[in-house]
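Take a look at the letters that make up each chain.
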Amino acid sequence: MSIYIDDEKDIQNGGISVVIPTYNRGHTIEESIRSVLNQTLQPKEIIVVDDFSTDNTEEIIKKINDPNVIYVKNKMSKGANGARNTGILLATEKFIAFHDSDDIWFPEKLKYQMRTMIEKSCDLVFCNMVCGKFIVPQTTVDGDNIYDQLKAGNLISTQTILIRAEIAKLNLFDEELMRLQDWDFVLSLLYKKIKIGYCDKVLVEQRLSTDSITNKNKLLDAYKHILKKHPEIANKGYNNKIYSLSLAEKKTIKSQIELLILKLFRKFKSKNKRLYES
């Protein structure tokens, strides 16, 4: 087990950097930042990386006028992951928490996650998130089996991650991915034997915009990219098997039948999502 003797001191000093990538979110960015400023455990810095917005995002951020909010604007668009990586490299604190400019943190997010980080001597801690009426992750997390669960499918959304900065800086986000970047990020960390902790509390509210990346039809391309990078997950979990079979160049009758069965199973499973009760 890893032991980090300076963690308590770091928390007392608010040793957390928050990284928020944004693009044309003048209508949501202030509420997103305010949800960080309203944390019961205050971060030392909030790094907002503007991915070359063309709306009033910059004006809105500068009106907040808080010394802990650091505004950086890319000279050209690098995409959400490129902007996120810029924030990681600029972060000066011991821990990094990721946030999205559409979404809201509940006031005790950092407090509860940091408590898990310290008590369990973790390298990365994630929490639950509410999206509409559903809880993400949509499956029950097995604290003793997180690594196998992560290979079978994604449990962790970017805006729920709190991670040690030294680890994040050596494991940047894949800038080629438009979807599933959080899963790829964590899969890459599994090989480094990091300790992942789970804070079983709903601490984030995801608010999808009509033009958000989450809504774009990039899922199949993302799966193809991830399966190429992490071929060992192809037969882990029904979703991975579905995409692996769908992307196969040669399809046999047997594989097509298997694909149909897996899709029916997924449809059945989707009726048993975890519901959020406020």
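Here's what I pulled together on the structure shown here. (Residues numbered from 1 in each chain as written. Predicted model: local features only at pLDDT ≥ 70, side-chain atom pairs only at ≥ 80, totals over all residues. Heavy atoms only, no water.)

## Re unusual backbone geometry
What counts here: Each helix is a run of DSSP H or I of at least 4 residues and each strand a run of E of at least 2, with the numbering of both proceeding from the N terminus. Only protein chains enter the area calculation, which uses a 1.4 Å probe; residues under 20% of their type maximum are buried, those over 50% are exposed, and those in between are partly exposed.
The omega torsion across Val136 and Pro137 is 5 degrees, close enough to zero to call that bond cis. In this fold, Pro137 is placed in the loop between strand E7 (134–136) and helix H6 (146–152). Within the chain, Phe52 stands out as a residue other than glycine whose phi angle is a positive 65 degrees. Residue placement: Phe52 occurs in the loop between strand E2 (45–50) and helix H3 (57–64). For Phe52, a relative accessible area of 39% corresponds to the partly exposed category. The phi angle at Ser121 is positive, at roughly 50 degrees, despite the residue not being glycine. Looking at the element boundaries, Ser121 is found in the loop between helix H5 (109–119) and strand E6 (124–131). The class for Ser121 is buried, based on a relative accessible area of 11%.

## Looking at the pattern of salt bridges
Just so we agree on the cut-off: Any carboxyl oxygen of Asp or Glu that lies within 4 Å of a side-chain nitrogen of Lys or Arg is treated as forming a salt bridge with it.
Per the stated rule, a full pass over the model turns up 12 salt bridges. A salt bridge links Lys62 to Glu58; the shortest N-O distance between them is 2.6 Å. With Lys62 and Glu58 both in helix H3, this residue pair falls 4 residues apart, about one helical turn. For Asp100, the salt bridge is made with Arg84, and the minimal N-O distance between the two is 3.2 Å. With Asp100 in the loop between strand E4 (95–98) and strand E5 (104–105) and Arg84 in helix H4 (residues 79–90), this pair connects stretches of sequence that are 16 residues apart.

## Remarks on the pairing of E4
Short version of the rule: Following DSSP output, two strands are said to pair if at least two bridges run between them.
With burial as the criterion, each face of E4 is covered, one bearing Phe95 and Ala97 and the other bearing Ile96 and Phe98. Bridge count between strand E1 (residues 16–22) and E4: 4 bridges; the pairing is parallel. Residue pairing in the sheet places Val19 in a bridge with Phe98 of E4. Examined bridge by bridge, E4 and strand E8 (residues 161–164) share 3 bridges and lie antiparallel to one another. By the bridge assignment for E8, Phe95 is matched with Arg164.

## Describing the nonpolar core
We count it as follows: Nonpolar cores are built from buried Ala, Val, Leu, Ile, Met, Phe, Trp, Tyr and Cys residues. Side-chain atoms within 4.5 Å join them into one set. When checking whether two residues touch, look at their non-hydrogen atoms; a contact exists if any pair is within 4.5 Å.
Among the nonpolar cores identified, the biggest contains 38 residues, and Ile96, Phe98, Leu124, Phe126, Ile156, Ile163 and Ile196 are the most heavily contacted of them. Discounting chain neighbours no more than four positions away, the residues touching Ile196 are Cys122, Leu124, Phe126, Ile146, Tyr147, Leu150, Ile156, Val186 and Leu190. With 30 residues, the next largest nonpolar core counts Leu41, Val48, Ala97 and Leu162 among its residues.

## As for the pairing of E2
If a strand is regular, its side chains alternate between the two faces of the sheet. The condition is simple: Seen with the strands pointing away from the viewer, any crossover whose path from the first strand over the helix to the second strand runs clockwise is right-handed.
Judged by how many residues are buried, E2 sits mostly within the fold: 6 of 6 residues are covered. Every second residue of E2 is oriented toward a common face, with Glu45, Ile47 and Val49 on one face and Ile46, Val48 and Asp50 on the other, all of them buried. Bridge analysis of E1 against E2 gives 6 bridges, and the strand direction is parallel. Within E2, the position partnered with Val19 by the bridge is Ile47. Once the chain exits E1 it traverses helix H2 (residues 29–37) before rejoining the sheet at E2, and the crossover so formed is right-handed. When E2 meets strand E3 (residues 69–73), the two strands line up parallel, connected through 5 bridges. Looking at E3, one finds that Asp50 is bridged to Lys73. Crossover connection from E2 via H3 to parallel E3: handedness right-handed.

## Side note on H4
So the rule is basically this: Expected helix span is computed as 1.5 Å times (number of residues minus one).
Across its 12 residues, H4 extends 17 Å between first and last C-alpha, which sits within 8% of the 16 Å expected from 1.5 Å per residue. Within the sequence span of H4, burial applies to Asn81, Gly82, Ala83, Arg84, Asn85, Thr86, Gly87 and Ile88. Along its buried surface, H4 packs onto E1, E2, E4, helix H7 (165–168) and helix H8 (181–190).

## Considerations on helix H9 (residues 219–229)
Formally: As used here, the arc is the angular range of directions from the helix axis to the C-beta atoms.
All of the buried residues in H9 are Ala222, Tyr223, Ile226 and Leu227. One face of H9 carries all of its buried residues, which in axial projection span an arc of 130 degrees. Among the exposed residues of H9, those pointing more than 90 degrees away from its buried face are Asp221, Lys224 and Lys228.

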